[in-house]
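Observations on the model geometry
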There are 4 protein chains.
Amino acid sequence: MKAAIIGVTGYTGLELVRLICKHPVLELGTLHSHGQHTKNSAELYPHLNDLVEKTIIGYTPEQVMAENDIVFFATPAGVTKEEAAPFVAANFPVIDLSGDLRLKDGATYQKWYKKTPADAKLLKKAQYCLPELMDKKPGNLISNPGCYATAAILTAMPLVKANLIEATPLIFDGKSGLTGAGKTLSDSSHFVTCAENMTMYKLNEHQHIPEIISVLQQFDKSLTNIHFTTSLIPVKRGIMMTLYAQIKKGVTENEIYAAYTASYNHRAFVRMQPLGQLPQLRQVVGTNFCDIGLGLNVQTGILTVVGVIDNLVKGASGQALQNFNLWAQLDEDTGLRDVPMFP
Amino acid sequence: MKAAIIGVTGYTGLELVRLICKHPVLELGTLHSHGQHTKNSAELYPHLNDLVEKTIIGYTPEQVMAENDIVFFATPAGVTKEEAAPFVAANFPVIDLSGDLRLKDGATYQKWYKKTPADAKLLKKAQYCLPELMDKKPGNLISNPGCYATAAILTAMPLVKANLIEATPLIFDGKSGLTGAGKTLSDSSHFVTCAENMTMYKLNEHQHIPEIISVLQQFDKSLTNIHFTTSLIPVKRGIMMTLYAQIKKGVTENEIYAAYTASYNHRAFVRMQPLGQLPQLRQVVGTNFCDIGLGLNVQTGILTVVGVIDNLVKGASGQALQNFNLWAQLDEDTGLRDVPMFP
Amino acid sequence: MKAAIIGVTGYTGLELVRLICKHPVLELGTLHSHGQHTKNSAELYPHLNDLVEKTIIGYTPEQVMAENDIVFFATPAGVTKEEAAPFVAANFPVIDLSGDLRLKDGATYQKWYKKTPADAKLLKKAQYCLPELMDKKPGNLISNPGCYATAAILTAMPLVKANLIEATPLIFDGKSGLTGAGKTLSDSSHFVTCAENMTMYKLNEHQHIPEIISVLQQFDKSLTNIHFTTSLIPVKRGIMMTLYAQIKKGVTENEIYAAYTASYNHRAFVRMQPLGQLPQLRQVVGTNFCDIGLGLNVQTGILTVVGVIDNLVKGASGQALQNFNLWAQLDEDTGLRDVPMFP
Amino acid sequence: MKAAIIGVTGYTGLELVRLICKHPVLELGTLHSHGQHTKNSAELYPHLNDLVEKTIIGYTPEQVMAENDIVFFATPAGVTKEEAAPFVAANFPVIDLSGDLRLKDGATYQKWYKKTPADAKLLKKAQYCLPELMDKKPGNLISNPGCYATAAILTAMPLVKANLIEATPLIFDGKSGLTGAGKTLSDSSHFVTCAENMTMYKLNEHQHIPEIISVLQQFDKSLTNIHFTTSLIPVKRGIMMTLYAQIKKGVTENEIYAAYTASYNHRAFVRMQPLGQLPQLRQVVGTNFCDIGLGLNVQTGILTVVGVIDNLVKGASGQALQNFNLWAQLDEDTGLRDVPMFP
């Protein structure tokens, strides 16, 4: 099967190239970009020399559908909502890595993304697919979760599902590497700004917040708000999501741990750390894993959960392939189980 | 006045050298180390060539007292408790940067530091001096606060003092650069381990926890526990302390902000950020400032407070000089107000 | 075929694990370490959870030979020379990643490595295998080149071979990331020492110098010395080798470029950059490529050649597998052509 | 005396602020920027809160001259040549940190800077001031050397002056941190591009080349070319300049070393390392020092010299103040001898 990538020059587009090249069923089809038409991929990205030498071109939906079996939108927010319609109309499989189709409610999208939402019919058709929450083949319009949202939901879900927490809000403290901010140039992504620095940004204003709430609400209707902070740390890849939750009286660390293993033991990409051990960021970089560790403070009744992912893999392109695998009815880890680079 | 430094080859010892050289009243006296006797400071540390060329030697208390007016212990935990007695007996001024004299209760020290505590008389004589909480000249045995403790206390104190928080525990999420871990060699401080990584460690087990509780209890007897996590981020200097606190119903962000300005407006080294702005780590590196910003989430009722310090300056050697200034009845910012290196 | 790894807990050992897991013919056999007996690989290295969970054990040669088809020594200098004999005696295939068998002359080894050399018979039997210089299947005792040596030789060889340089010495200016220094703890590999720093070390004293001279002499007997400096830069992986060479009068940049392409066009892992373009370090990280770019200064007659490799892949474990491929008469790039992580 | 800074929002402008605040004779006058009019310095740069709170404004020459005693142009190439004339006409003291007035020959400027040169009369009046080469008070139009040029000239000058080198070209291999590239946003200064990377750029095309040649020619007329490469390393501050020079037969390392000490022993800011020791980048960061170490390879006759500076201090703003000191007939190290931050 052949995959087209729209937005191949962004970080998640390049990561799709890397991962698709290793996939046993999917192969690279055509590569597209809105800005870098008719350049060779290896000319733009010398790491691709001798490996992927394809011309990056503009696209028409007809062309893409004629030459490929599926299309990935690895575009910033605002593109899919304008450009996905012809593919959807033709029932051509689309996996969208942007935020455009994640929120069912257009007004919420408008509030958090500061853009006009996608057409209601498109939103209705789109299926939000966090693989660890799915049990059947998705349809032909897959909305891939956000990076912070993936880390937050996987870190919190078993707690919410098993009804182990008090009514006080969940507090998420997320830290991300700079690829999370995309390749757009800004003072805040200049090397001189980032090195030897750490910055909290978008305090309770990150656009993944409604996505997280919406998913967690499926497990507990009363969960209507979360507390959510995001920070940049001077690394290239990776999200460390720390969750603080007030646990119900009497619930033990072992019961909590059991809730996590019950949720994830049958899934390929969530690895629970042994009790007493927390995951380091670097152990998932380059992989599709979400590694989770936890510890209960019996004095305060507060649980700390730490979840780490690679924002470009499990937080974006790897998860998109995991969704492809589910869609194609392959094992969810097909092509995604390589030993990562370490150290 | 002349200052002796015991433990000059550690990070805080070297930072004392830097800061004392800029101080208008204090000057470098004799430099001591337990391990590097009779080496020239500039031979060990080429940045000191032509600036500080003094022989680093072992010491006897008699010598130190004969040639200096005050002594700084910039030693790891476990040294002062064994070696401070002769100075104290002679009523010679001592500023201790280690954790040995911070906890009044020996048993608590033993539990958290895993060492036998200092003699009870020594503990009784020692005075814990966080300058922002002091209003008069300290005595001759000053215990300098810990780096995480300084950041945590300054970040939380106005809230506790003004009685603005619910009974739920304060949650501190602290991140530190690698100088905070000291120069001791370990896998966890190897460049290859730290670069492109972030690691949470000592979950609710950091030895500064009882110090923080003990200080905050002075403002609210009912505060008996905190939730406290610590992480290493790949920077050399700096602590970012994030505090999450459930605020009492009806308390506004402006009231909270007013509590902070009331606590700190008359102090030289706490700079409140304007509402709507959080401090970045780099803006305090190299300085004795603690910069604090905050934001209230009206949906969740949770307040986020972010405090940043340089762990080697406000978290150690700069604060020791600030304490010296108070002891010498100088302005607290004497010698400590340089514009820092930026960027 | 099954591969044993002796010294699996070092950086090159772990990299062998990563690469062997992707190899279509070779698979992981038994894992050995001199220091970490009977620990599970995933317990020591959480990134291996669910991927490689094997007990790391001590070894006897008999065991290793009984359960594997080939053995890789990923050990520091000094081990192979003591431990390889039983394997060699049994004609069991050995690939040695250490420096022990690279120099034919024991006295030279002793001078540069400061250790007693391997037995003369072992040295005689060992075959130094830089794949790009080989045209037939190697024997059963393969000595894998050093990381700096690989970069230096590939960067200089076509010049020497085509006789394009004046008699003045070649000047190599090499820079390496910290994995090149190994995982041994020292002040010079502490994060606080390395970050925001660059250090030149072993000026004309690096132990790879005689290895480089010895290989280049095969192409020009008169080449008896090189000028060779090595520096640490604050990155984890990668060597950038810069070569300065005085070019014979009248030789053009195009002729030089042609010499390089003639040497490498038929090889899988040397990628010549187009004229006018130099390779960046990051474009080879994680790969077995050596990317080379060059530029002739017509004013000075000096050629600059820049070669970049990943010291743990092309400089060590990837090259070892490339040698395995040659030994096993597979294509030299079997299992080694993945698109690398980028950025 | 009061100093105006034009271009205060750039890296060298901010560094002037830092250094002037510590100077005992000079103080901050008015602060100017072409783009950030009427913002408070502390609003733009929170590290300046409570320290430097001045409005950054546009300027007219009249205003600047009325309120200050000297003006520093901390502007990119192309500004001074257009804006300095009124100050020069009034014989008002100007120190220019840009490249506009460094090259006496307008055509050379045009060739290397790709801009039209300054007026010939302005160029004639300007005095290129590398303090270590000066022995008397400079006039009122001071052209401050470039950062790479400072490092290169100080590293090479004693060799050239003492006539110790063969006729073969000097080879300079320079590495710089990212502040050297300025705060302009580009792919090449994005954190994700720079971290874990090293890039050589402007091979023999750096605009400091004619400046270096011009100065070295004052000591040896026959020196008409140099070989000069520049690379970016992932640090914020600092230049490491490595020089390779073929030494005349029979000249010993001690003689070479003596030439360096003869050149620099009477100067405040060049510190020769003991023979056998090379300077690390970090030992000069934050200081106005140039630290130099060297080693002669007796096999190849090639000398390695390593010089390190902080590009923003000795390479720009610190040197500008050193020039001010000479101009004001103060000791050249007035206000510039602080112990730097370490580590």
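As recorded in an unreviewed UniProt entry, chain A goes by N-acetyl-gamma-glutamyl-phosphate reductase and comes from Candidatus Enterococcus myersii. Taken directly from UniProt, the Function (unreviewed entry) text for chain A runs: "Catalyzes the NADPH-dependent reduction of N-acetyl-5-glutamyl phosphate to yield N-acetyl-L-glutamate 5-semialdehyde." We quote the UniProt Pathway (unreviewed entry) comment for chain A here in full: "Amino-acid biosynthesis; L-arginine biosynthesis; N(2)-acetyl-L-ornithine from L-glutamate: step 3/4."

Overview of the relation of the copies chain B and chain A
At an RMSD of 0.0 Å, chain B and chain A line up after a rotation of 180° and a shift of 0.0 Å along the axis. Both copies are brought into coincidence by an operation consistent with a two-fold rotation axis. Here 100% of the contact residues of chain B are again contact residues in chain A; the copies associate through an equivalent surface.

With respect to the domain arrangement of chain A
All names here are of chain A. For chain A, the assigned domains read domain 1 (2-125) and domain 2 (148-311). Contacts between domain 1 and domain 2 engage eleven residues on the former and 13 residues on the latter. Summed over both sides, the interface between domain 1 and domain 2 buries roughly 980 Å², with carbon and sulfur atoms accounting for 60% of that surface. Summed over the three residues of domain 1 that lose the most area to domain 2, namely Y11, R102 and W112, the buried surface amounts to 55% of that side. Viewed at the interface, domain 2 and domain 1 are joined by two salt bridges. With a closest N to O distance of 3.6 Å, R102 and E211 form a salt bridge.

Observations regarding the interface of chain C and chain B
Counting residues at the interface gives 19 residues for chain C, matched by 19 residues for chain B. Taken together, the links from chain C to chain B amount to zero salt bridges. Linking chain C to chain B there are four residue pairs in polar contact (both at pLDDT 80 or more). Sort the elements by how many residues they give to the side of chain C that touches chain B and helix α9 (residues 191-194) of chain C lands first, with three residues. Across the side of chain C that touches chain B, the residue classes break down as nine nonpolar, six polar and four charged.

A look at the relation of the copies chain C and chain B
Each of the two chain copies can be brought onto the other by rotation about an axis and movement along it. Here chain C sits on chain B after a turn of 180° about the axis and a move of 0.0 Å along it, with an RMSD of 0.0 Å. Same-surface contact between copies: 100% of interface residues of chain C are shared with the interface of chain B.

Quick word on the side chain of Q322 of chain B
Residues and elements named next belong to chain B. By the secondary structure assignment, Q322 is in helix α12 (residues 313-327). Note on Q322: relative accessible area 0%, which makes it buried. In this structure the side chain of Q322 is engaged in a polar contact, spanning 3.0 Å, whose partner is the side chain of E132. Contacts of Q322, omitting those with residues within four sequence positions, involve P131, E132, F269, N288, K314, E332 and L336.

Considering the UniProt feature "active site" (unreviewed entry) in chain A
Residue and element names in this part refer to chain A. Residues annotated by UniProt as "active site" (unreviewed entry) correspond here to C147. Inspection of the secondary structure puts C147 in helix α8 (residues 147-161). For C147, the contacting residues outside a window of four places in its chain are H208, I239, I309, N311 and G315.

A closer look at helix α8 (residues 147-161) of chain C
Across its 15 residues, α8 of chain C extends 21 Å between first and last C-alpha, which sits within 8% of the 21 Å expected from 1.5 Å per residue. Among the 15 residues of α8 of chain C, 14 are classified as buried, and the element is accordingly described as predominantly covered.

With respect to the interface of chain B and chain A
Listed per partner, the contact involves 39 residues of chain B and 39 residues of chain A. Counting each side, the surface lost to burial between chain B and chain A is near 3600 Å², with a carbon and sulfur contribution of 66%. Taken together, the connections running from chain B to chain A amount to two salt bridges. Residues D173 of chain A and K175 of chain B are paired through a salt bridge, measuring 3.6 Å at the closest nitrogen-oxygen approach. Between the two partners, chain B and chain A, sit 22 residue pairs in polar contact (both at pLDDT 80 or more). Listing elements by their share of the side of chain B that touches chain A, those giving two or more residues are β9 (170-176), α9 (191-194), β10 (199-201), β11 (226-232), β12 (239-246), β14 (290-297) and β15 (302-309) of chain B. Of the residues in the side of chain B that touches chain A, the class split is 18 nonpolar, 15 polar and six charged.

Brief notes about the packing of α8 of chain A against helix α11 (residues 253-264) of chain A
All names here are of chain A. In contact at an axis separation of 9 Å, α8 and α11 are set at 115° when each is read in the N-to-C sense. Classified by the angle their axes make, α8 and α11 are roughly perpendicular. Crossing angle aside, the handedness with which α8 passes α11 is right-handed. Where α8 abuts α11, its residues I153, L154, T155, A156, M157, P158, L159 and K161 lie against I256, A259, Y260, S263 and Y264.

Concerning the nonpolar core
Within the largest apolar cluster, 205 residues are counted, with the highest numbers of intra-cluster contacts made by F72 of chain A, F72 of chain B, F72 of chain C together with F72 of chain D. With residues up to four places along the chain from it excluded, the contact list for F72 of chain C reads A3, A4, I5, I6, L16, I20, L26, I95, L97, A320, L321 and F324 of chain C.

Digging into the pairing of strand β9 (residues 170-176) of chain D
Residues and elements named next belong to chain D. With seven of seven residues buried, β9 is to be regarded as a mostly interior element. Bridging between β9 and strand β11 (residues 226-232) involves seven bridges; their strand directions are parallel. Following the sheet pairing, K175 is matched in β11 by S231. By the bridge criterion, six bridges tie β9 to strand β12 (residues 239-246) in an arrangement that is antiparallel. Considered in β12, the bridge of S176 is made with I239.

A word on the state of the cysteines
Applying the stated criterion across every chain yields a total of zero disulfides over all chains. Take C194 of chain B: it sits in no disulfide, and the sulfur closest to it among the cysteines is that of C194 of chain C, at 9.5 Å.

Observations regarding the side chain of S143 of chain B
All names here are of chain B. With respect to the helices and strands, S143 occurs in strand β8 (residues 141-143). Residue classification places S143 among the buried residues on the basis of a relative accessible area of 0%. Polar contacts involving the side chain of S143 include one to the main-chain carbonyl oxygen of L101, which spans 3.4 Å. The residues touching S143, leaving out its near neighbours within four places in the chain, are D96, L101, R102, Q127, Y128 and C129.

Considering the packing of aromatic side chains
Evaluation of the coordinates by the stated rule reveals 40 aromatic pairs over all chains. Of the aromatic side chains, those joined through ring pairs into one cluster are Y59, F73, F87 and F92 of chain A. Positioned over the ring face of F289 of chain D is R271 of chain D, at 3.7 Å from the centre of the ring.

Observations concerning the pattern of salt bridges
Pairing is possible between side chains that carry opposite charge, provided their charged atoms lie close to one another. Counted under the stated rule, the structure contains 48 salt bridges over all chains. Where D333 of chain B meets R337 of chain B, a salt bridge forms, and the shortest distance between an N and an O atom there is 3.3 Å. Put simply, E15, R18, R237 and D310 of chain A are held in one network by salt bridges that share partners.

Quick look at the sheet that holds strand β7 (residues 127-128) of chain D
Residue and element names in this part refer to chain D. Pairing is mixed in the open sheet, where eight strands are placed in the order β3-β4-β2-β1-β5-β6-β8-β7. One side of each edge strand has no neighbouring strand; the edge strands of this open sheet are β3 (39-40) and β7. Relative to strand β6 (residues 94-96), strand β5 (residues 70-73) runs parallel, the two sharing three bridges. Following the sheet pairing, F73 is matched in β6 by D96.

Describing the confidence of the model for chain A
In this model, chain A carries an average pLDDT of 97, and 100% of its residues clear a pLDDT of 70 or more. This prediction of the complex comes with two scores: 0.98 for pTM and 0.97 for ipTM.

So, how was this worked out
Residues numbered from 1 in each chain as written. Chains lettered and ligands numbered in written order. Predicted model: local features only at pLDDT ≥ 70, side-chain atom pairs only at ≥ 80, totals over all residues. Heavy atoms only, no water. UniProt positions renumbered as here; feature names shortened; annotations may be inferred. Least-squares fit on C-alpha atoms with pLDDT ≥ 70 in both. Contact = heavy atoms within 4.5 Å. Domains from an automatic or database assignment. Buried area = accessible area lost by both parts, 1.4 Å probe. Salt bridge = Lys/Arg side-chain N within 4 Å of Asp/Glu carboxyl O. Polar contact = N/O pair within 3.5 Å; in protein donor to acceptor, adjacent residues only side chain to side chain. Helix = DSSP H or I, 4+ residues; strand = E, 2+ residues; numbered from the N terminus. Nonpolar A, V, L, I, M, F, W, Y, C, P; charged D, E, K, R; others polar. Buried < 20%, exposed > 50% of the residue type's maximum accessible area, 1.4 Å probe, protein only. Expected span 1.5 Å × (residues − 1). Axes fitted to C-alpha atoms, helices over the stretch in contact; angles between N-to-C directions. Parallel < 35°, antiparallel > 145°, perpendicular 65-115°, else oblique. Left-handed = near helix turned anticlockwise from the far one by under 90°. Core = buried A, V, L, I, M, F, W, Y, C linked by side-chain atoms within 4.5 Å. Pairing = 2+ DSSP bridges. Disulfide = S-S within 2.5 Å. Phe/Tyr/Trp six-rings, centres within 6.5 Å; stacked < 30°, edge-to-face > 60°. Lys NZ or Arg CZ within 6 Å of the ring centre and 35° of its normal. pLDDT = per-residue confidence, 0-100.

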